[in-house]
Amino acid sequence: MSAPGDQDSREFKRWIPHDDDESAERRQEFDRLSAQPDVIDFLRGFYQRVDEALAEYQPRCTNRGHCCNFARAGHRLFVTPIEVAAFRRAYADRWLSAEPAAGRCPWQVDGVCTAREFRPLGCRVYFCDPQAQAWQNEFYEARLRELKQFMADQGIQYRYEEWLSALSVFSTAASGSRHPGPAAGSLRPAAIDPSGSSTIQLTVVNNLPARPA
Ligand code: SF4
């Protein structure tokens, strides 16, 4: 995978979507979902099935958490609201503040994910192992359709949200602090992809190739 250059890093830091009102709204939604036992039970079973199916491909992980440093790796992680909700419920008692501008997931410590049980779908499916390129997009799309179907069945609005921005609402909404936000006059990249287009479980920033080389 190509390392992003300076320009890519700047673009990443500019991508800070939530103001206080949005953060409060998103947090309310995540809290509401995390209080629903059906959501948590579904995701626990869903992740287990995903892991079992993945095991058949025998993908290799050799980068020791490089992919969790999104700014450095040049991609972003997108998730659904129920994944954020389940993650929050599972780890609320040892919560780590996420800062979108930092560009890395705080749950990765010394090359290891410290939140493995409820890490999102994208974290499970993404491997920079070249052998994984042949199957992981299709695999991911199929599982994302499952998540969407569950959400539709439950009457939950589908969104596709950037991971660090989603996590950060638990810090900003609670403290009332403001993100710095995009520079005046700059474009404000969308935080949410409601279209459902999802070839981007780990979307690439700017012009980096969509798949790791
Ligand atoms: S939840 Fe775990 S696997 Fe996913 S980005 Fe964070 S540290 Fe990496």
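Definitions and cut-offs
Residues numbered from 1 in each chain as written. Predicted model: local features only at pLDDT ≥ 70, side-chain atom pairs only at ≥ 80, totals over all residues. Heavy atoms only, no water. Near = heavy atom within 4 Å. Nonpolar A, V, L, I, M, F, W, Y, C, P; charged D, E, K, R; others polar. Axes fitted to C-alpha atoms, helices over the stretch in contact; angles between N-to-C directions. Helix = DSSP H or I, 4+ residues; strand = E, 2+ residues; numbered from the N terminus. Parallel < 35°, antiparallel > 145°, perpendicular 65-115°, else oblique. Contact = heavy atoms within 4.5 Å. Buried < 20%, exposed > 50% of the residue type's maximum accessible area, 1.4 Å probe, protein only. Pairing = 2+ DSSP bridges. Salt bridge = Lys/Arg side-chain N within 4 Å of Asp/Glu carboxyl O. 1 Å grid on protein atoms, 1.4 Å probe; cavity = no way out; pocket = protein on both sides within 12 Å on 5 of 7 lines; lining within 4 Å. Points joined across faces, edges and corners; volume = space filled by probe spheres on them.

### Things to note about the site of the ligand
Near the ligand you find Cys-68, Phe-70, Cys-105, Trp-107, Gln-108, Cys-113, Arg-119, Cys-123 and Trp-163, and these make up its full shell. Looking at the shell around the ligand residue by residue, the classes come out as seven nonpolar, one polar and one charged.

### Quick look at the packing of helix H5 (residues 81-91) against helix H7 (residues 136-154)
What describes two packed helices is the angle between their axes and the distance between those same axes. One can describe the packing of H5 onto H7 by two numbers: an axis separation of 10 Å at closest approach and a directional angle of 85°. Taken as axis vectors, H5 and H7 run roughly perpendicular relative to one another. For the pair H5 and H7, contact is made by Pro-81, Ile-82 and Glu-83 and by Leu-147, Phe-150 and Met-151, respectively. The residue inventory of the contact of H5 with H7, partitioned by class, reads five nonpolar, no polar and one charged.

### Comments concerning the environment of Val-79
Assignment of secondary structure puts Val-79 in strand E1 (residues 75-79). Residues Val-79 and Cys-123, 44 residues apart in the sequence, show an inter-C-alpha distance of 9.6 Å. Among all residues touching Val-79, those that are not within four sequence positions of it are Val-84, Pro-120, Arg-159, Tyr-160, Glu-161 and Trp-163.

### Regarding the pairing of E1
With five of five residues buried, E1 is to be regarded as a mostly interior element. Here E1 pairs with strand E4 (residues 161-162) via two bridges, running antiparallel. When the sheet's bridge partners are listed, Val-79 is paired in E4 with Glu-161.

### Structural notes on the pattern of salt bridges
Tallied over the entire structure, the rule returns eight salt bridges. The salt bridge involving Arg-27 is made with Asp-31; its shortest N-O contact spans 3.5 Å. Note that Arg-27 and Asp-31 are positioned in helix H2 (residues 20-34) at a spacing of four residues, about one turn of the helix. For Arg-27, a relative accessible area of 18% translates into the label buried. Assessed through its relative accessible area of 31%, Asp-31 is described here as partly exposed. The residue Arg-32 makes a salt bridge to Glu-29 at a minimum N-O spacing of 3.1 Å. A residue pair is termed a helical-turn pair when its members lie 3 or 4 positions apart in one helix, as Arg-32 and Glu-29 do in helix H2 at three residues. Classification of Arg-32 by relative accessible area gives partly exposed; the value is 42%. For Glu-29, a relative accessible area of 16% corresponds to the buried category. Among the charged side chains, a salt-bridge network with shared partners connects Asp-41, Arg-44 and Glu-117.

### What about the environment of Cys-61?
Structurally, the position occupied by Cys-61 is in the loop between helix H3 (37-55) and helix H4 (70-73). Between the C-alpha atoms of Cys-61 and Tyr-126, which are 65 residues apart in sequence, the distance is 9.4 Å.

### Re the layout of surface pockets
Looking at the largest pocket, its volume works out to about 480 Å³. As for the largest pocket, its lining consists of 26 residues, of which Cys-68, Cys-113, Arg-116, Arg-119 and Cys-123 are closest to the centre. Those elements that provide at least two residues to the lining of the largest pocket are strand E3 (112-113) and helix H6 (121-125). By residue number, the principal contributor to the lining of the largest pocket is H6, which donates three residues. A class-by-class count of the residues in the lining of the largest pocket yields 17 nonpolar, five polar and four charged.

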